[in-house]
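The lines below spell out each chain.
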Amino acid sequence: MPARRIVPNVQSEALEESAEFYALLGLERVMDHGWIVTLASPSAPTAQISVMTADATAPVTPDMSIEVDDVDAAYAAMRDSGAEIVHPLRDEEWGVRRFFVRDPNGRVVNVLGHR
């Protein structure tokens, strides 16, 4: 199950200001749900950063997101390893299937796949 992209998630109460800041570095807005804005490089679209106030559908805000080819296989691997699942595997209304898992350093990772 190869990773397709890894995106840092920056928690912020200033989404618009953050989007404008990263635009100065050449990133363009590719997603905006009001509580999360994702910006990407036009020349390397998998080079991204997400800025969010808080995750609107989960109990915690993840520190990073990792998109994988097979989110169900990733979930099974994490569950079978005994890793702490912070948010269960589920389909979100905006077209992703995802779960959150805590890494050995305490960071929360949003593992997702697009449907």
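Not measured: the values here are computed from a predicted model.

## Points about the UniProt feature "domain: VOC" (unreviewed entry) in the protein chain
Then, in step 1: Residues given the UniProt feature "domain: VOC" (unreviewed entry) here are residues 2-114.
Then, in step 2: Between the end C-alpha atoms of residues 2-114 the distance is 14 Å, and the span holds 18% helix and 44% strand.

## Description of the side chain of Arg98
Then, in step 1: The topology assignment puts Arg98 in strand 7 (residues 96-102).
Then, in step 2: The class for Arg98 is buried, based on a relative accessible area of 3%.
Then, in step 3: Only 3.0 Å separates the side chain of Arg98 from the side chain of Glu92, close enough to count as a polar contact.
Then, in step 4: Setting aside its immediate chain neighbours within four residues, Arg98 contacts Asp55, Thr57, Ala58, Val71, Pro88, Leu89, Arg90, Glu92, Asn110, Val111 and Leu112.

## Here's the deal with the pairing of strand 2 (residues 28-32)
Along any regular strand, the residues point their side chains to alternate faces of the sheet.
Then, in step 1: By the bridge criterion, 4 bridges tie strand 2 to strand 3 (residues 36-40) in an arrangement that is antiparallel. Residue pairing for strand 3: Asp32 is matched across the bridge by Val37.
Then, in step 2: Hairpin geometry of strand 2 and strand 3 is characterised by an intervening segment of 3 residues between the two adjacent antiparallel strands and by a positive phi of about 90° at Gly34.

## Some points on the pattern of salt bridges
Then, in step 1: For the structure on display, the rule yields 13 salt bridges.
Then, in step 2: Glu67 serves as the salt-bridge partner of Arg4, at 3.2 Å between the closest nitrogen and oxygen. In this pair, Arg4 is assigned in strand 1 (residues 3-11) and Glu67 in strand 5 (residues 64-68), connecting sequence segments 63 residues apart.
Then, in step 3: Here Glu67 falls in the buried class, since its relative accessible area comes to 7%.

## Focus on the packing of aromatic side chains
Then, in step 1: Overall, the coordinates contain 3 aromatic pairs when judged by the stated rule.
Then, in step 2: Pairing Phe21 with Tyr22 gives two aromatic rings, centres 4.9 Å apart and planes at 85°, and the pair type is edge-to-face.

## Observations regarding the sheet that holds strand 5
Then, in step 1: Reading across the sheet, the 8 strands line up as 2-3-4-1-5-8-7-6 and stay open at both edges, with mixed pairing between neighbours. Edge positions in the open sheet fall to strand 2 and strand 6 (85-91), since each of these has one partner strand only. Each neighbouring strand pair of the sheet contributes to a mean axis angle of 25°, computed without reference to strand direction.
Then, in step 2: The pairing of strand 3 with strand 4 (residues 48-52) spans 5 bridges and is classified as antiparallel. From the neighbouring strand, Val37 faces strand 4, where its bridge partner is Val51.
Then, in step 3: Along the sheet, helix 2 (residues 71-81) makes contact with strand 5, strand 6, strand 7 and strand 8 (108-114), crossing strand 7 at roughly 20°.

Reading the values: the criteria
Residues numbered from 1 in each chain as written. Predicted model: local features only at pLDDT ≥ 70, side-chain atom pairs only at ≥ 80, totals over all residues. Heavy atoms only, no water. UniProt positions renumbered as here; feature names shortened; annotations may be inferred. Helix = DSSP H or I, 4+ residues; strand = E, 2+ residues; numbered from the N terminus. Buried < 20%, exposed > 50% of the residue type's maximum accessible area, 1.4 Å probe, protein only. Polar contact = N/O pair within 3.5 Å; in protein donor to acceptor, adjacent residues only side chain to side chain. Contact = heavy atoms within 4.5 Å. Pairing = 2+ DSSP bridges. Salt bridge = Lys/Arg side-chain N within 4 Å of Asp/Glu carboxyl O. Phe/Tyr/Trp six-rings, centres within 6.5 Å; stacked < 30°, edge-to-face > 60°. Axes fitted to C-alpha atoms, helices over the stretch in contact; angles between N-to-C directions.

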